[in-house]
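Understanding the architecture of this molecule
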Amino acid sequence: MTRALLSLGSNLGDRLDHLRSAVTALDDSVLLVSGVYETPPWGDTDQPAYLNAVVLAEDPAATPDDWLERARAAERAAGRERDPARRFGPRTLDVDVIAVWTGDGEPVLRDDPELTLPHPRAHLRAFVLRPWIDIQPYGRLPGHGWLTDLLNAEPIATDALELRPRPDLALESTT
C-alpha cells in the first residue's frame, strides 16, 4: 500500500472545475481533500491567480510512478499544454506528486529526473504547505520537518500572508 500527497493548482478556464476533475480522476483512492485557497502566481507573476488544494490518496498497489501517471492523466484530461519556454506559466491544471509513503508509513525518497520525492520545492511553497495543514495539522514533509515550522519560516511566511482561503468553494468528488 502507498499513500501520496498531491498538490492541485489551476489558473486558466474554470479553475474550480479543473480541481474537481482531478479529485474525480483520483476516484476511490482519495482519503482527504483540503480546503481551496486562492493564491498569487509563483515564479512567473504575469498571469492570473491560482486556486490551490491538496489531496491525500491511498492505493494498495500504486507505485510512485503510478501516482505520477495519474497526475499527468488528470492534467491531460483538463487540456493541460506544457510550454517549455514558460516553466511556471499559466495552466488549466497542475498536479504535483509531493510525497509518497509506503504501507508502513516510511517516506519514499527518490532522486530521479522524472519524479523526485519528496517534491524538491514543496518546502518553499505556501500554496502546498497551508492546504496540507488543513488535512494533516501535525504533518511533516520528509527531509524538511513540521509543516507549521516550514510555513512560518522566512521567506515562506511572507508568501503565506498572500494565500486567501476560499470556504465558498468546495472540492467534492462527483463520483
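Look up a bit, the structure's there.
Residues numbered from 1 in each chain as written. Predicted model: local features only at pLDDT ≥ 70, side-chain atom pairs only at ≥ 80, totals over all residues. Heavy atoms only, no water.

1. Thoughts on the pairing of strand β5 (residues 94–101)
- Counting buried residues in β5 gives 8 out of 8 residues, a clear majority hidden from the surface.
- In this sheet, β5 lies alongside strand β1 (residues 2–10) in antiparallel orientation, the contact comprising 7 bridges. Its bridge partner lying in β5, Arg3 is registered against Trp101. (Buried < 20%, exposed > 50% of the residue type's maximum accessible area, 1.4 Å probe, protein only. Helix = DSSP H or I, 4+ residues; strand = E, 2+ residues; numbered from the N terminus. Pairing = 2+ DSSP bridges.)

2. Some details on the nonpolar core
- Formed by 28 residues in total, the largest nonpolar core has its most connected members in Leu8, Trp67, Val95, Val97 and Leu171.
- Where this core is concerned, the elements lending two or more residues are β1, α1 (15–26), β4 (50–59), α2 (64–77) and β5.
- With 5 residues, α1 is the single largest residue contributor to this core.
- Discounting residues that sit within four places of it in the chain, Trp67 has contacts with Thr2, Ala4, Leu6, Leu26, Ser29, Ala57, Glu58, Asp59, Ala62, Val97 and Val100.
- Residues Tyr37, Ala122, Val128 and Leu129 belong to the second largest nonpolar core, which totals 21 residues. (Core = buried A, V, L, I, M, F, W, Y, C linked by side-chain atoms within 4.5 Å. Contact = heavy atoms within 4.5 Å.)

3. Points about the packing of aromatic side chains
- Applying the stated criterion across every chain, the model contains 1 aromatic pair.
- Seen in terms of ring centroids, Trp101 and Trp132 are 6.3 Å apart; in terms of plane orientation they differ by 65°. Their pairing is edge-to-face. Taken together, the positions of Trp101 in strand β5 and Trp132 in helix α3 (residues 126–135) put the pair 31 residues apart, joining distant regions of the chain.
- On the basis of relative accessible area, Trp132 is assigned to the buried category, the value being 0%.
- Its end group placed over the ring of Trp67, Arg70 keeps NZ or CZ at 4.7 Å from the ring centre.
- Seen from the ring of Trp146, Arg140 lies directly overhead, with NZ or CZ sitting 4.5 Å from the centre. (Phe/Tyr/Trp six-rings, centres within 6.5 Å; stacked < 30°, edge-to-face > 60°. Lys NZ or Arg CZ within 6 Å of the ring centre and 35° of its normal.)

4. What to know about the environment of Val95
- Here Val95 shows up in strand β5.
- Given a relative accessible area of 7%, Val95 falls into the buried group.
- Linking Val95 and Leu171, residues 76 residues apart in sequence, is a C-alpha distance of 14 Å.

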